[in-house]
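Structural description and commentary
Now for the letters of each chain:
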Amino acid sequence: HQLNKLLDLEHIGMSGHSFGAHTTLAVAGQKYTLNQNFHDKRIDAFLALSPSPGVDMEASKAFGHITLPILSMTGTLDSSPIKEMKPEDRLKVFAALPSGDKYQLVLEGAKHFAFGDNNSWRTRGRNHKHHPAIQQISLQFWNAYLKGNAVSKKWLQSNKTITETGLTSIDVWQWK
């Protein structure tokens, strides 16, 4: 196959948006009722776009034990298109994660579909600076945690993440 020997199968990341973020966090080790856990040890780092705090369990119990690198991205207007969820509910995931290789980007004014790359009614009116920033921050995260790039990790743990991506001080970048 044309990809033979081009993929590093020893360093794997997983990402997903919305329900895909739910799946990503499940594989990262989110706990569920009856202490169920679907952690996949083959995956090294996780990117959750529009994460959900889960149901039937406090976020601290569901996520408080996860030690692997996680990047969470959401927006101040990121409500759910299919169930009742307020944008601030999405912030509960990062708040519950323990310190160490955890990151969160909160894009001012970004709605649920800000993370897609299509031009449709769903993405109409989005901030043109958000998508390039999402791409750049994601790439730095993967470089830091899948390629062991210390420069990328240092960049993630600085305010350069806002200034060098064209975002502004009303967008929020956090790490712990």
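Whatever comes next refers back to the structure up there.
For the structure given in this document, a descriptive report is provided here. Given the structure is predicted, the values throughout are model-derived calculations rather than measurements.

The next thing to look at is the sheet that holds strand 1 (residues 13–17). The five strands lie next to each other as 1-4-5-6-7, forming an open sheet whose pairing is mixed. With partners counted over all chains shown, the strands left at the sheet margins are strand 1 and strand 7 (172–175), one partner each. Put simply, the sheet's adjacent strands are angled 15 degrees from each other on average, direction ignored. As paired elements, strand 5 (residues 70–77) and strand 6 (residues 102–111) share seven bridges and run parallel to each other. Bridge assignment links Gly75 to a residue of strand 6, and that residue is Leu107. Docked against the sheet, helix 1 (residues 19–28) engages strand 1, strand 4 (45–49) and strand 5, running at close to 145 degrees with respect to strand 1. Most of the contacts of helix 4 (residues 130–146) go to strand 4, to which it runs at about 165 degrees, and overall it touches strand 1, strand 4, strand 5, strand 6 and strand 7.

Moving on, we come to the pattern of salt bridges. What the rule picks out here adds up to four salt bridges. Measuring nitrogen to oxygen at the nearest pair gives 2.7 Å for the salt bridge that ties Asp40 to Arg42. Overall, the relative accessible area of 16% leaves Asp40 in the buried class. Taking the shortest distance from any N to any O, the salt bridge between Asp89 and Lys92 comes out at 3.3 Å. Accessibility expressed as a relative area gives 18% for Asp89, which makes it buried. Residue classification places Lys92 among the partly exposed positions, given a relative accessible area of 42%.

What follows concerns the nonpolar core. Core analysis: the biggest nonpolar cluster contains 24 residues, and Leu71, Met73, Leu105, Ile137, Phe141, Leu156 and Trp173 have the highest contact counts within it. When contributions to this core are tallied by element, the ones reaching two or more residues are strand 4, strand 5, strand 6, helix 4 and helix 5 (150–156). Considering each element in turn, this core owes the most residues, eight residues, to helix 4. If we ignore the near neighbours within four places in the chain, the residues touching Trp173 are Leu71, Tyr103, Gln104, Leu105, Ile137, Leu156, Ser158, Thr161 and Ile162.

A few words on the pairing of strand 1. Along strand 1, the buried face is formed by Met14 and Gly16; none of Gly13, Ser15 and His17, which line the opposite face, is buried. With five bridges connecting them, strand 1 and strand 4 associate as parallel partners. Bridge pairing links Gly16 to Ala48 in strand 4.

Attention now moves to the pairing of strand 5. Taking burial as the measure, the eight residues of strand 5 include six buried ones, the bulk of the element. For the handedness criterion, the β-α-β arrangement of strand 5, helix 3 (residues 91–96) and strand 6 is classed as right-handed.

Here the focus is the packing of aromatic side chains. In this description, an aromatic ring pair is defined by two values, namely the gap between the centres and the angle between the planes. Applying the stated criterion across every chain yields a total of six aromatic pairs. Each member of the aromatic cluster is reached from another via a ring pair, and the members are Tyr103, Phe141, Trp142, Tyr145 and Trp173. The ring of Phe94 carries Lys176 above its face, with NZ or CZ at 4.6 Å from the centroid.

Parameters at a glance
- Residues numbered from 1 in each chain as written.
- Predicted model: local features only at pLDDT ≥ 70, side-chain atom pairs only at ≥ 80, totals over all residues.
- Heavy atoms only, no water.
- Pairing = 2+ DSSP bridges.
- Helix = DSSP H or I, 4+ residues; strand = E, 2+ residues; numbered from the N terminus.
- Axes fitted to C-alpha atoms, helices over the stretch in contact; angles between N-to-C directions.
- Contact = heavy atoms within 4.5 Å.
- Salt bridge = Lys/Arg side-chain N within 4 Å of Asp/Glu carboxyl O.
- Buried < 20%, exposed > 50% of the residue type's maximum accessible area, 1.4 Å probe, protein only.
- Core = buried A, V, L, I, M, F, W, Y, C linked by side-chain atoms within 4.5 Å.
- Right-handed = clockwise from strand over helix to strand, strands pointing away.
- Phe/Tyr/Trp six-rings, centres within 6.5 Å; stacked < 30°, edge-to-face > 60°.
- Lys NZ or Arg CZ within 6 Å of the ring centre and 35° of its normal.

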